[in-house]
Amino acid sequence: WPALAPDIEAILRLKRERNAVILAHNYQAPEIFHTVSDIVGDSLALAREAVNVDADVIVLAGVHFMAETAKLLNPAKTVLIPDMGAGCSLADSITAEDVRGLRRKYPGVPVVTYVNTSAAVKAESDLCCTSGNAVAVVRSLNAPRVLMIPDEFLAQNVQAEVPEVEILTWAGHCEVHERFTPADIRDVRDSYPGVTVIAHPECPPDVVAESDFSGSTAMMMDFVVQKRPSQVVLVTECSMADNIAAQNPDIEFIKPCNMCPHMKRMSLANIRRALETMTHEVTVDPALADRARAAVERMLAVRT
Ligand code: 13P
Ligand code: SF4
């Protein structure tokens with residue numbers, strides 16, 4: 001990325017000056033993912049790694065709930081997000097009051113909350129999950145009924161794997177993954193016989209049912225790198241394929257994919273600005289931080 005070299009060099013220098021590390025989600029564009037990032041991964045890996053960061057500053061190249069989770073897990077650090085507007089349709093789909101309402105409606109039913117939520121919603125929850133550990137988290141509860149919120153499709157996809165538990169859910173959706181349809185998969189299989197189809201579990205269950213494998217973004221990457229299909233479609237955010245393709249030129253990545261407008265608010269220019277100006281700092285209301293942190297830590301304690 002020769003045109004971007006000045007930003008990349010400035011970021012590398014600023015990271016040293018500020019004693020900062022950059023945590024980047026797998027949906028970040030290759031020019032961020034493969035150049036300035038210190039740690040890349042899925043939501044679960046970023047949470048696990050945030051706990052161990054020694055540097056003074058964490059820049060989260062991802063969306064707001066990821067930065068908030070990093071702050072919860074390592075509160076002594078300064079956590080920056082380059083664009084405060086990097087939200088998430090799932091996080092926007094539910095409030096803390098909604099969770100209190102669910103608890104009144106279903107007394108005694110444990111609440112498992114996807115990490116794609118605000119700290120206020122996490123604080124009302126028993127424990128969190130990500131797409132990488134949702135099945136293990138539900139099983140760890142040994143409960144006959146579980147509320148799994150707010151992603152309806154993730155809950156339904158987990159339900160298929162844990163039939164012994166009744167999973168109640170909420171009508172939240174990822175605006176990127178809800179747009180895929182089973183017809184998309186059938187069309188791609190018609191055009192590319194033998195293609196491997198891998199879908200993120202935020203996709204509707206009928207899309208996952210048409211796929212060969214489903215898992216978190218890290219699980220999708222591991223599957224491709226280990227199995228090395230000659231043609232593959234990653235039914236998820238478009239940068240996933242771009243990031244794997246950059247290091248695996250022998251694998252052909254087929255569309256469809258969709259862009260996440262929130263993830264795509266990150267750029268080398270605003271990462272540089274974040275480090276230059278030490279903005280925008282992500283903080284968590286102290287009145288709810290302890291309860292939210294406990295929900296995330298209970299998730300991290302579940303063995304996968
Ligand atoms: P994972 O990386 O945990 O699979 O999450 C996908 C996602 O949509 C994050 O916003
Ligand atoms: Fe949220 Fe979906 Fe974007 Fe992930 S891809 S940040 S779940 S809107």
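### Regarding the overall build of the protein
Thinking step 1. Within the protein one finds 14 helices and 12 strands.
Thinking step 2. On C-alpha atoms alone, the protein measures out to a radius of gyration of 19 Å, which is about the 19 Å that the 2.2 N^0.38 rule sets for 304 residues.
Thinking step 3. With respect to the three principal axes, the spread of C-alpha positions in the protein is 55 × 55 × 30 Å.
Thinking step 4. Per-residue burial for the protein yields a buried fraction of 47% across its 304 residues.
Thinking step 5. A separation threshold of at least 6 residues defines the contact pool for the protein, and within that pool the share at least 24 residues apart is 64%.

### Things to note about the site of ligand 2
Thinking step 1. Every one of the 13 residues lining ligand 2 counts as a neighbour, but Val-63, Cys-88, Cys-174, Val-176 and Cys-260 are closest to it.
Thinking step 2. Looking at the shell around ligand 2, its residues break down into 7 nonpolar, 3 polar and 3 charged.

### Structural notes on the site of ligand 1
Thinking step 1. Asp-42, Ser-43, Ser-131, Ser-216 and Thr-217 are the nearest of the 13 residues found near ligand 1.
Thinking step 2. The residue makeup of the shell around ligand 1, split by class, is 3 nonpolar, 8 polar and 2 charged.

### Some words on the sheet that holds strand 7 (residues 145–149)
Within a sheet, each strand pairs with its neighbour through backbone hydrogen bonds, oriented either parallel or antiparallel.
Thinking step 1. If you walk across this open sheet you meet the 4 strands as 6-5-7-8, and the pairing is parallel. The open sheet has two edge strands with one neighbour each: strand 6 (127–129) and strand 8 (166–168). Direction aside, neighbouring strands of the sheet carry axes that sit 35° apart on average.
Thinking step 2. Sheet topology note: the strand 5 (residues 111–114)/strand 7 ladder contains 3 bridges and is parallel.

### Topic: the sheet that holds strand 1 (residues 20–25)
Thinking step 1. Ordered in space as 2-1-3-4, the 4 strands form an open sheet in which the pairing is parallel. Two strands lie at the open edges of the sheet, namely strand 2 (39–41) and strand 4 (78–80), each paired on one side alone. Here the strands of the sheet are splayed against their neighbours by 20° on average, with no regard to which way each runs.
Thinking step 2. As defined by bridge partners, strand 1 adjoins strand 3 (residues 57–61) across 5 bridges and the pair is classed as parallel. Paired with Ala-20 across the two strands is Val-57, which belongs to strand 3.
Thinking step 3. In the packing of helix 1 (residues 5–18) onto the sheet, contacts are made with strand 1 and strand 3, and the angle to strand 1 comes to roughly 125°.

### Quick word on the environment of Pro-75
Thinking step 1. You can see Pro-75 is positioned in the loop between helix 4 (64–73) and strand 4.
Thinking step 2. Each C-alpha atom, one on Pro-75 and one on Val-36, is 23 Å from the other, the two residues being 39 residues apart in sequence.

### Considerations on the domain arrangement of the protein
Thinking step 1. Splitting the protein by domain gives domain 1 (2–87 + 264–277), domain 2 (91–175 + 286–301) and domain 3 (182–259).
Thinking step 2. Of note, the centres of domain 1 and domain 3, computed from C-alpha atoms alone, are 26 Å apart.
Thinking step 3. Where the side of domain 1 that touches domain 3 is concerned, the elements lending two or more residues are helix 2 (30–33) and helix 3 (43–51).
Thinking step 4. Class assignment of the residues belonging to the side of domain 1 that touches domain 3 gives a composition of 6 nonpolar, 4 polar and 2 charged.

### Section: the packing of helix 4 against helix 14 (residues 286–301)
Thinking step 1. At a minimum axis separation of 9 Å, helix 4 and helix 14 run at an interaxial angle of 100°. As judged from the angle between their axes, helix 4 and helix 14 are roughly perpendicular. Of the residues in helix 14, those in contact with Thr-69, Leu-72 and Leu-73 of helix 4 are Ala-289, Ala-292, Arg-293 and Val-296.
Thinking step 2. Taken together, the residues of the contact of helix 4 with helix 14 break down into 5 nonpolar, 1 polar and 1 charged.

### What about the nonpolar core?
Thinking step 1. Counting residues in hydrophobic clusters, the biggest one holds 95 residues, and the most contacted among them are Leu-23, Ile-58, Val-59, Leu-60 and Ile-271.
Thinking step 2. Tallying contributions element by element places helix 4 first for this core, with 6 residues.
Thinking step 3. With near-sequence residues (within four places) excluded, Ile-58 lies in contact with Val-21, Leu-23, Ala-50, Val-53, Ala-70, Lys-77 and Val-79.

### What about the pairing of strand 1?
Thinking step 1. Among the 6 residues that make up strand 1, 6 are buried, leaving the element largely enclosed by the rest of the structure.
Thinking step 2. The alternating pattern of strand 1 places Ala-20, Ile-22 and Ala-24 on one face and Val-21, Leu-23 and His-25 on the opposite face, and all of these are buried.
Thinking step 3. Where strand 1 lies against strand 2, 3 bridges are found, and the strand directions are parallel. By the bridge assignment, Leu-23 is partnered in strand 2 with Ile-39.

### Overview of the pairing of strand 11 (residues 231–235)
Thinking step 1. Where burial is concerned, most of strand 11 is hidden: 4 out of the 5 residues are buried.
Thinking step 2. Across 4 bridges, strand 9 (residues 196–199) lies against strand 11 in parallel orientation. The residue of strand 11 that forms the bridge with Ile-198 is Leu-234.
Thinking step 3. Of the strand pairs in this sheet, strand 11 and strand 12 (residues 252–254) are connected by 3 bridges, and their pairing is parallel. If you follow Gln-231 over to strand 12, its bridge partner there is Glu-252.
Thinking step 4. In this fold, strand 11 hands off to helix 12 (residues 238–245), which returns the chain to strand 12; that crossover is right-handed.

How each quantity is defined
Residues numbered from 1 in each chain as written. Chains lettered and ligands numbered in written order. Predicted model: local features only at pLDDT ≥ 70, side-chain atom pairs only at ≥ 80, totals over all residues. Helix = DSSP H or I, 4+ residues; strand = E, 2+ residues; numbered from the N terminus. Rg over C-alpha atoms; globule rule 2.2 N^0.38 Å. Buried ≥ 20, exposed ≤ 12 C-beta atoms within 10 Å, placed from the backbone. Contact = placed C-beta atoms within 7 Å. Near = placed C-beta within 6 Å. Nonpolar A, V, L, I, M, F, W, Y, C, P; charged D, E, K, R; others polar. Pairing = 2+ DSSP bridges. Axes fitted to C-alpha atoms, helices over the stretch in contact; angles between N-to-C directions. Domains from an automatic or database assignment. Parallel < 35°, antiparallel > 145°, perpendicular 65-115°, else oblique. Core = buried A, V, L, I, M, F, W, Y, C linked by C-beta atoms within 7 Å. Right-handed = clockwise from strand over helix to strand, strands pointing away.

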